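Examining the three-dimensional arrangement
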Amino acid sequence: MIETYRRLYGSVDGLRVFRAPGRVNLIGEHTDYNFGFVLPVALDLATFAATAPAADGKLRLHSIERQETREFDVAGLAELSPAHHWTDYPIGVAREVARLGFAIQPANILIHSTVPEGSGLSSSAALEVSSALAFLGGRELAPLELAKLCQRSEREFVGIPCGIMDQYISVFGREHSAVKIDCRSLDHQLVELPDGVTFVAVNTMVKHALAGSAYKDRVAECAAAVTAIQQEFPSVKSLRDVASQDQFESVAGLLPPVVARRARHVVSENERVERFVASSARGELETMGKLLVASHRSLQYDYEVSCAELDFLVDHALPIDGVYGSRMTGGGFGGCTVTMLRPGAVEAFAASIARSYERRFQVTPRIYRCNPSGGAREVTSSETIPAVG
Ligand code: GLA
């Protein structure tokens, strides 16, 4: 990456490199913007932002994967509107960094990512967080503020009403651990996963066009559910506040049927996160697997954010030897599944699922081992800066 930087920008004087990971969410889907619980792990797939000062008042962004450079006047950042382009992510972040009082310095930035784009592994948050660190260039910002800044930028500049999960785990990821995030208090707890299991993501290689608009619809449907539930329980400010599935069923009849199904998913999913964490602590692998499958079915039938490719991967994973459970992960409508299985079963699983998927969809799915990795940071050793180009 350093050689590519030199070729592109001429000099590597003052170069600093920042890394932010993608994630796979084990369980707790579409709960974050309802202020509930999620359980992601940060991956060893990551986005790297290499930055050094520019002398000409410009901010230059080059993506190795896109093979594209865009140039902006630092003085004009506040006037920019979204261009519906990958640079919206770093530009939105630069504006938020500036709003917090950290002046944006002219810079030449090179971006390289090993997080597959549009795969549900949070390539956007990895780009946001690595860019934020590059813009800050070592100036101190509390980790939680960093995550919130990146979420704000995605909501306000990119225009997706996302929750905090992806940015939070990219900042707070930890090696060997999953992270249970309480999306209301914004606290987290490290969850050590039991021995004898590992997680693998399988990429459908598709992202259906519906993803963006359906996400906004789900956010609105959850808000409508809260308004209806408040007629009976005024203290419910978000679906997180519904105490139990029983409490929810006592008011479900007040909601239009589709809205009731959406809310039922969120309420039951929050309970599944708690049960998954408790089962994990007790080493109850079968129960953990069943909770993953229950989560998928709820996303498939009640929340309706799955698709034929994801359902196929889940259905074909479950009978394979050594598999405990499988579900879609991330926003849905394509992207990846996550499968929990015995470590010794990974290779046979990968071969078998790839074969079935190819036969059905004529596409080879990419498969990633989910090795829980550390959160965003500056990369100082040349060994850990990827060699590309
Ligand atoms: C996307 C969003 C997250 C979260 C998930 C679904 O990844 O960015 O905030 O809502 O979808 O769990």
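Residues numbered from 1 in each chain as written. Predicted model: local features only at pLDDT ≥ 70, side-chain atom pairs only at ≥ 80, totals over all residues. Heavy atoms only, no water.

A word on the overall build of the chain. Looking only at helices and strands, the chain features eleven helices and 13 strands. Over its C-alpha trace the chain gives a radius of gyration of 21 Å, about what one expects of a compact globule, namely 21 Å for 389 residues. Considering the chain, the positive charge centre built from 39 side chains and the negative charge centre built from 46 side chains are found 1 Å apart. (Helix = DSSP H or I, 4+ residues; strand = E, 2+ residues; numbered from the N terminus. Rg over C-alpha atoms; globule rule 2.2 N^0.38 Å. Lys, Arg positive; Asp, Glu negative; His and termini not counted. Charge placed at Lys NZ, Arg CZ, Asp CG, Glu CD.)

Let's shift gears to the packing of helix H2 (residues 88-99) against helix H4 (residues 143-158). Packing of H2 against H4 brings their axes to within 8 Å, and their N-to-C directions diverge by 120 degrees. The way H2 lies across H4 gives a crossing that is right-handed. Together, Asp 88, Tyr 89, Ile 91, Gly 92, Val 93, Arg 95, Glu 96, Val 97 and Arg 99 of H2 and Leu 149, Cys 150, Arg 152, Ser 153, Glu 154, Glu 156, Phe 157 and Val 158 of H4 make up the contact between the two elements. Tallied by class, residues from the contact of H2 with H4 come to eight nonpolar, two polar and seven charged. (Axes fitted to C-alpha atoms, helices over the stretch in contact; angles between N-to-C directions. Left-handed = near helix turned anticlockwise from the far one by under 90°. Contact = heavy atoms within 4.5 Å. Nonpolar A, V, L, I, M, F, W, Y, C, P; charged D, E, K, R; others polar.)

So, about the sheet that holds strand E5 (residues 68-73). If you trace the six strands from one edge of the open sheet to the other, you get E5-E4-E6-E3-E1-E13, paired in mixed fashion. Two strands lie at the open edges of the sheet, namely E5 and strand E13 (377-379), each paired on one side alone. For this sheet, the mean angle separating the axes of adjacent strands, direction not counted, is 25 degrees. Its contacts with the sheet put helix H1 (residues 2-9) on strand E3 (40-53), strand E4 (58-63) and strand E6 (107-113), and the angle it makes with E6 is roughly 140 degrees. Contacts from helix H5 (residues 165-172) reach strand E1 (16-25) and E3, with the element oriented near 125 degrees to E1. (Pairing = 2+ DSSP bridges.)

Moving on, we get to the layout of surface pockets. Space inside the largest pocket adds up to approximately 1,100 Å³. Secondary structure elements with two or more residues in the lining of the largest pocket: H2, E6, helix H3 (123-136), H4, H5 and helix H6 (211-230). The element contributing the most residues to the lining of the largest pocket is H3, with four residues. Grouping the amino acids of the lining of the largest pocket by side-chain chemistry returns 18 nonpolar, 20 polar and ten charged. A domain-level breakdown of the lining of the largest pocket finds at least three residues from each of domain 1 (2-22 + 45-163) and domain 2 (198-369). Of the pockets and cavities examined, the second largest pocket occupies roughly 260 Å³. (1 Å grid on protein atoms, 1.4 Å probe; cavity = no way out; pocket = protein on both sides within 12 Å on 5 of 7 lines; lining within 4 Å. Points joined across faces, edges and corners; volume = space filled by probe spheres on them. Domains from an automatic or database assignment.)

So, about the sheet that holds strand E11 (residues 334-341). Across the sheet, which stays open at both edges, the four strands sit in the order E10-E11-E9-E12 with antiparallel pairing between neighbours. Among the strands making up the open sheet, the edge pair consists of strand E10 (323-329) and strand E12 (366-369). Neighbouring strand axes in the sheet, compared pairwise and without regard to direction, differ in orientation by 20 degrees on average. Inspection of the sheet shows strand E9 (residues 198-207) paired to E12 by four bridges, in the antiparallel sense.

Every residue lining the ligand is accounted for by Arg 23, Glu 29, His 30, Asp 32, Tyr 33, Cys 162, Gly 163, Met 165, Asp 166, Tyr 215, Gly 330 and Gly 331. In this structure, Asp 32 approaches the ligand through a side-chain N or O atom, which is 2.5 Å from an oxygen atom. Separating an oxygen atom of the ligand from a side-chain N or O atom of Asp 166 is a distance of 2.8 Å. Relative to its unbound accessible area of 310 Å², the ligand is 92% covered by the protein chains. Assessed atom by atom at 2 Å from the grid points, the ligand resides in the largest pocket. (Near = heavy atom within 4 Å. Polar contact = N/O pair within 3.5 Å; in protein donor to acceptor, adjacent residues only side chain to side chain. Areas by Shrake-Rupley, 256 points an atom, 1.4 Å probe, with all protein chains shown as cover. Sits in = over half its atoms within 2 Å of the grid points.)

Glancing now at the packing of aromatic side chains. Applying the stated criterion to the full structure yields six aromatic pairs. In this structure an aromatic cluster arises from ring pairing among Phe 312, Tyr 357 and Phe 361. Its end group placed over the ring of Phe 37, Lys 180 keeps NZ or CZ at 4.6 Å from the ring centre. Here Arg 218 stacks its cationic end above the ring of Tyr 303, 6.0 Å away from the centre of that ring. (Phe/Tyr/Trp six-rings, centres within 6.5 Å; stacked < 30°, edge-to-face > 60°. Lys NZ or Arg CZ within 6 Å of the ring centre and 35° of its normal.)

For the chain, the assigned domains are domain 1 (2-22 + 45-163) and domain 2 (198-369). Inter-centroid distance (C-alpha atoms) of domain 1 to domain 2 is 31 Å. Across the boundary between the two partners, domain 1 contributes eleven residues, which contact twelve residues of domain 2. In this assembly, domain 1 and domain 2 are joined by zero salt bridges. Put simply, domain 1 and domain 2 have three residue pairs in polar contact (both at pLDDT 80 or more) between them. (Salt bridge = Lys/Arg side-chain N within 4 Å of Asp/Glu carboxyl O.)

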